[in-house]
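Overview (structure and organization)
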Amino acid sequence: MSTVLVVAPIVIANWPMITAAVTAAIATSGFTSVQHHASNIAAQMKSKTRETIEVDDSEVLTDTFGTDEAIVVERDGITATFKRDSKGALQICMEGESVSKSQLRAIGEDLLGRVTQQYAYHRIVSELTNRGLTIVDEEMTENESVKIRVRNW
Amino acid sequence: MAQEEIEIEVDKHGRVTIKTIGIKGKRCLDVAEALAEILGKEEGRTMTSEFYESEVHAQNRIEIRNQR
């Protein structure tokens, strides 16, 4: 071994990439995707606890898409809405009943971690493929990390 | 020739650890840094003595013994 680098990914992605990362992340965290109806959600929000997580190190690229997209996922009555904030960063609005703000934040940050994991994984695989490098082994470890081994260059 | 390999681990919080194994000298940094650059912010770096070795370091060793 000669070098070890530790990197904190910055999510810079267009909406389809974020949707793909969220979709992959919820598969491992018990959330399911729900239809987004803004008016219904607004009506339901009145009695719910809410907590917003601003992902400062992120940028949602708009490309040809609009800026009002949202992805809503749900687990045990708690919903997480991923959207682009006014500054262009990713934002997660957590909502739920009988749950504290700190619990919502913890659940939201766990979910965000898994989304970031999926985003990083896809960026890495894409970059390795572009460079003509071969993934010789890939596994999910006991602590839910994804481990990739690359050789042949 | 030593096996050259990169091991990448992405934990469930999204943090990425890139380990280069058997890649010496500047080439080691080229590959690891390229990956780090496309991902985001480098938070830390550790280098072992292998980094400071030359990329070409073949060495023949001849032992001469007196046989009586």
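Here, every reference points to the structure presented above.
Residues numbered from 1 in each chain as written. Chains lettered and ligands numbered in written order. Predicted model: local features only at pLDDT ≥ 70, side-chain atom pairs only at ≥ 80, totals over all residues. Heavy atoms only, no water.

**Observations regarding the packing of helix H1 (residues 15–27) of chain A against helix H3 (residues 101–130) of chain A**
Residue and element names in this part refer to chain A. It is at 8 Å that the axes of H1 and H3 come closest, and there the two elements cross at 120 degrees. In terms of their interaxial angle, H1 and H3 are classed as oblique. Remark: the crossing between H1 and H3 carries right-handed chirality. Judged by residue contacts, Met17, Ala21, Val22, Ala24, Ala25 and Ile26 of H1 engage Leu111, Arg114, Val115, Gln118, Tyr119 and Arg123 from H3. Of the residues assigned to the contact of H1 with H3, the class counts are nine nonpolar, one polar and two charged. (Axes fitted to C-alpha atoms, helices over the stretch in contact; angles between N-to-C directions. Helix = DSSP H or I, 4+ residues; strand = E, 2+ residues; numbered from the N terminus. Parallel < 35°, antiparallel > 145°, perpendicular 65-115°, else oblique. Left-handed = near helix turned anticlockwise from the far one by under 90°. Contact = heavy atoms within 4.5 Å. Nonpolar A, V, L, I, M, F, W, Y, C, P; charged D, E, K, R; others polar.)

**Some remarks on the environment of arginine 114 of chain A**
Its place among the elements puts arginine 114 of chain A in helix H3. Taking the relative accessible area as the measure of exposure, arginine 114 of chain A reaches 8% and is therefore buried. It is 8.1 Å that separates the C-alpha atoms of arginine 114 of chain A and valine 22 of chain A, two residues lying 92 residues apart in sequence. Residue contacts for arginine 114 of chain A: discarding those within four places in its chain leaves Ala25, Thr28, Ser29 and Glu144 of chain A together with Lys12 of chain B. (Buried < 20%, exposed > 50% of the residue type's maximum accessible area, 1.4 Å probe, protein only.)

**Looking at the nonpolar core**
Among the nonpolar cores identified, the biggest contains 27 residues, and Ile18, Val22, Val73, Phe82 and Met94 of chain A are the most heavily contacted of them. Listing elements by their share of this core, those giving two or more residues are strand E2 (11–14), H1, strand E4 (49–55), strand E6 (70–75), strand E7 (78–84), strand E8 (90–96) and H3 of chain A. Excluding residues that lie within four positions of it along the chain, valine 73 of chain A makes contacts with Val22, Ile26, Phe31, Thr32, Ser33, Val34, Ile78, Thr79, Ala80, Phe82 and Leu111 of chain A. Within the second largest apolar cluster, 21 residues are counted, among which are Leu133 of chain A together with Ile6, Val16 and Leu35 of chain B. (Core = buried A, V, L, I, M, F, W, Y, C linked by side-chain atoms within 4.5 Å.)

**Regarding the pattern of salt bridges**
A side chain of one charge can pair with a side chain of the opposite charge if their charged atoms are brought near each other. Counted according to the given criterion, the structure contains 15 salt bridges over all chains. For lysine 41 of chain B, the salt bridge is made with aspartate 57 of chain A, and the minimal N-O distance between the two is 2.8 Å. Taken together, the residues span two chains, with lysine 41 of chain B in strand E3 (residues 40–47) and aspartate 57 of chain A in the loop between E4 and strand E5 (58–61). Residues joined in a network through salt bridges with shared partners are Glu51, Lys101, Arg105 and Glu109 of chain A. (Salt bridge = Lys/Arg side-chain N within 4 Å of Asp/Glu carboxyl O.)

Interpretation note: all reported values are geometric properties and have no functional meaning in isolation.
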